[in-house]
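# Per-entry structural report
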Amino acid sequence: MKRFMQLFLAIVLTLSVAGGISPTKTSAASFIWPAGDKDDVSSGYGERWGKFHHGIDIAIPGTVPIKASASGKVRSSTFGSPGNYNGYGNVVVITHNIGGKTYETLYGHLRSRSVSAGETVSQGEIIGYMGSTGNSTGQHLHFEIHDGTYNGTQSNSTDPMKLLGTEFADTPPSDTFKVIKLDSDQFGLYSKMGTYKESSTPYLGWTFVVKQQQIYNGERWYLLVHGDKVFGWIAAHQTSEYDNLQKKYLNEDVDAYNYNLDEKIMTLNSTGYVYVAKEYSDKYLVIAHSQPMYIAKKLVNFDGQYTMPYKAVKITSDAYGIYSTPGVYKESSTPYLNWILVSKEQTTYNGQKWYKLSNGSTVYGWISGNQVQELPMKRMDLRVDTKAYNYGFKEEIMTLNGGGFVLVIGEGSDYYHVAAHSQTMYIKKTLKD
């Protein structure tokens with residue numbers, strides 16, 4: 001018998017360390033008594049002394065630990081002040097997701113508090129000790145349950161006696177689409193509800209796609225996938241959701257990479273779309289094919305001072321022509337009105353600044369400065385190889401190599417107008433609405 005008990009305890013200890021025991025202990029979810037039981041209630045819910053009592057009082061002498069009535073996240077752990085849990089002294093408020101609904105529990109007049117705001121607590125975990133702080137006539141726990149969140153008027157309060165011990169049924173999985181980040185490895189991954197699979201520690205900080213969710217033992221659970229791989233179920237309170245997904249269409253075929261942009265995952269087709277979860281300085285975190293991946297921004301801001309190798313000018317007047325050299329007429333400038341050209345060389349002639357106009361290998365000639373507008377340009381570095389086109393994107397001019405740079409002259413909703421290799425051209429923006 002002694003040998004059997006030793007073996008039994010060893011199995012229980014192994015399961016506990018491995019995470020094999022589900023984080024909830026009951027077959028169906030319920031609120032448990034935070035201390036004592038119904039025989040220890042000294043004051044009930046409802047009208048009392050000419051005003052409404054929004055909870056129940058539990059009075060027990062001695063050193064009495066206060067337990068979390070259900071698993072959840074600590075919203076507040078503070079000493080009540082006017083307008084903020086007035087009169088409750090040391091108070092803890094916990095947010096719960098039970099049966100697919102949000103509840104909050106309040107524990108007032110504590111002698112001391114054992115948890116801090118933002119912490120995740122399990123059902124039955126000690127959060128403090130019974131006391132008589134704040135407006136109190138003796139040691140007791142003031143306990144409230146709110147159907148929804150606690151507010152200043154306590155309008156969501158409900159009679160705790162009606163919910164303590166009440167079981168909430170589990171729900172079947174429902175299809176959903178969420179993108180989450182794994183924030184906590186408090187519990188592991190489960191192959192199915194209640195069946196431990198593996199530790200979640202190796203995946204801490206990972207981004208996943210949620211394809212299904214389910215309420216089990218009063219806790220919301222997510223089924224995590226990453227492309228074609230199903231990782232398993234995890235408690236939702238261990239995650240945070242990317243809640244501003246933006247659906248964007250691709251302007252062209254785009255390569256997608258890992259986080260460091262040094263390993264290609266796949267090429268996304270221009271006929272498709274992605275969900276943008278987060279924007280960085282040099283990339284987008286996007287979701288496509290049920291998988292997180294990163295698209296490099298083709299252009300990124302260049303920090304620091306930079307001397308432009310040439311200028312971009314727009315011909316705004318045809319009052320005079322274009323000259324082979326300043327003072328020597330070549331042709332009318334009318335056909336080039338509103339053109340934007342590159343000027344690699346400038347000079348002063350008869351007190352007037354002149355610009356030498358070119359575009360790639362074509363040299364047009366010189367034009368006087370009073371006929372052009374000099375356009376501001378900003379250096380931008382290329383992150384990846386990028387195709388460049390003529391106006392209207394009817395013809396590809398060249399591929400600009402990643403690692404180089406362009407000078408941005410202007411931009412539209414889905415393109416950049418740039419100068420590179422002494423030539424003006426157009427680059428598509430990767431994403432569009």
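My aim in this report is to walk through the structure given alongside it, one point at a time.

Criteria and cut-off values
- Residues numbered from 1 in each chain as written.
- Predicted model: local features only at pLDDT ≥ 70, side-chain atom pairs only at ≥ 80, totals over all residues.
- Heavy atoms only, no water.
- Helix = DSSP H or I, 4+ residues; strand = E, 2+ residues; numbered from the N terminus.
- Rg over C-alpha atoms; globule rule 2.2 N^0.38 Å.
- Buried < 20%, exposed > 50% of the residue type's maximum accessible area, 1.4 Å probe, protein only.
- Contact = heavy atoms within 4.5 Å.
- Areas by Shrake-Rupley, 256 points an atom, 1.4 Å probe, with all protein chains shown as cover.
- Lys, Arg positive; Asp, Glu negative; His and termini not counted.
- Charge placed at Lys NZ, Arg CZ, Asp CG, Glu CD.
- 1 Å grid on protein atoms, 1.4 Å probe; cavity = no way out; pocket = protein on both sides within 12 Å on 5 of 7 lines; lining within 4 Å.
- Points joined across faces, edges and corners; volume = space filled by probe spheres on them.
- Nonpolar A, V, L, I, M, F, W, Y, C, P; charged D, E, K, R; others polar.
- Salt bridge = Lys/Arg side-chain N within 4 Å of Asp/Glu carboxyl O.
- Pairing = 2+ DSSP bridges.
- Phe/Tyr/Trp six-rings, centres within 6.5 Å; stacked < 30°, edge-to-face > 60°.
- Polar contact = N/O pair within 3.5 Å; in protein donor to acceptor, adjacent residues only side chain to side chain.

Each helix and strand in the protein was counted, giving 2 helices and 40 strands. For 433 residues, the compact-globule formula gives about 22 Å, and the C-alpha radius of gyration of the protein, at 34 Å, lies well above that figure. Overall size of the protein, expressed as C-alpha extent along the three principal axes, is 110 × 60 × 35 Å. Relative to its full complement of 433 residues, the protein shows a buried share of 45%. Once local pairs closer than 6 in sequence are excluded, the contacts in the protein between residues at least 24 apart make up 57%. Total accessible area on the protein is roughly 21800 Å²; 48% of this is exposed by carbon and sulfur atoms. With 41 positive and 40 negative side-chain charges, the protein shows a spacing of 2 Å between the two charge centroids.

What follows concerns the environment of Ile 409. Inspection of the secondary structure assignment puts Ile 409 in strand S37 (residues 405-411). Taking C-alpha positions, Ile 409 is 9.3 Å from Ile 340, a pair spaced 69 residues apart along the chain. Apart from residues lying up to four places away in sequence, Ile 409 is in contact with Ala 312, Ile 340, Leu 375, Pro 376, Met 377, His 417, Val 418, Ala 419 and Thr 424.

What follows concerns the layout of surface pockets. Here the largest pocket is characterised by a volume of approximately 660 Å³. Along the wall of the largest pocket there are 27 residues; nearest its centre are Arg 48, Lys 51, His 53, Tyr 88 and His 109. For the lining of the largest pocket, the elements supplying multiple residues, two or more each, are strand S1 (41-43), strand S3 (51-53) and strand S11 (141-147). At 3 residues, S3 tops the list of elements feeding residues into the lining of the largest pocket. A class-by-class count of the residues in the lining of the largest pocket yields 6 nonpolar, 17 polar and 4 charged.

In the Ramachandran plot, Gln 154 falls in the positive-phi region, its phi being about 60° despite a non-glycine side chain. The phi torsion at Ser 290 lies on the positive side, around 60°, for a residue other than glycine. Inspection of the secondary structure puts Ser 290 in the loop between strand S24 (283-288) and strand S25 (291-296).

Further remarks concern the pattern of salt bridges. Evaluation of the coordinates by the stated rule reveals 16 salt bridges. The partner of Lys 264 in a salt bridge is Asp 255, and the shortest N-O contact between them spans 3.2 Å. In this structure Lys 264 comes out as partly exposed when scored by relative accessible area, which is 47%. Taking relative accessible area as the criterion, Asp 255 reaches 30% and is therefore assigned partly exposed. Salt bridges here are not isolated pairs; linked through shared partners, they connect Asp 282, Lys 283 and Arg 383.

Time to look at the pairing of strand S7 (residues 90-98). Buried residues dominate S7, accounting for 7 of its 9 residues. Sheet topology note: the strand S6 (residues 72-79)/S7 ladder contains 6 bridges and is antiparallel. Looking at the pairing, Thr 78 lines up with Val 91 of S7. With 8 bridges joining them, S7 and strand S8 (residues 101-113) adopt antiparallel strand pairing. Each bridged residue has a counterpart across the sheet, and for Val 92 the counterpart in S8 is Tyr 107.

Okay, the packing of aromatic side chains next. With the rule as written, the count across this model stands at 30 aromatic pairs. Taken together, a centroid distance of 6.1 Å and an interplanar angle of 85° make the contact between Tyr 259 and Tyr 280 edge-to-face. Separated by 21 residues along the polypeptide, Tyr 259 in the loop between strand S21 (254-257) and strand S22 (264-268) and Tyr 280 in the loop between strand S23 (273-279) and S24 bring together distant segments of the chain. Tyr 280 gets classed as partly exposed once you look at its relative accessible area, which sits at 22%. Residues Tyr 336 and Tyr 364 carry aromatic rings whose centres are separated by 5.4 Å and whose planes lie at 75° to one another, so their mutual orientation is edge-to-face.

Turning our eyes to something else, we now look at the environment of Gly 165. As for its placement among the helices and strands, Gly 165 is situated in the loop between helix H2 (160-163) and strand S13 (174-182). For the pair Gly 165 and Ile 32, spaced 133 residues apart in sequence, the C-alpha to C-alpha distance is 5.8 Å. Setting aside anything within four residues of it in sequence, one finds Gly 165 in contact with Ser 30 and Phe 31.

Mapped onto the elements, Gln 238 comes out in the loop between strand S18 (229-235) and strand S19 (239-241). When neighbours within four sequence positions are excluded, Gln 238 is seen to be in contact with Lys 181, Leu 182, Asp 183, Ser 184, Asp 185, Gln 186, Phe 187 and Ser 200.

Attention now moves to the pairing of strand S15 (residues 195-198). Looking at chain direction, strand S14 (residues 189-192) and S15 are connected through 3 bridges and run antiparallel. Pairing of Tyr 190 across the sheet is with Tyr 196, part of S15. The antiparallel pairing of S14 with S15 creates a hairpin that spans 2 residues between the two strands, and Gly 194 there sits at a positive phi of about 85°.

Here we come to the side chain of Ser 69. Tracing the chain through its elements places Ser 69 in the loop between strand S5 (65-67) and S6. A residue is classified by how much of its surface remains accessible, and Ser 69, at 0% relative accessible area, is buried. Of note is the side chain of Ser 69, whose polar atom sits 2.6 Å from the backbone oxygen of Ile 32. Not counting residues up to four positions away in its chain, the partners in contact with Ser 69 are Ser 30, Phe 31, Ile 32, Thr 105, Tyr 107, Gln 123, Phe 143 and Leu 164.

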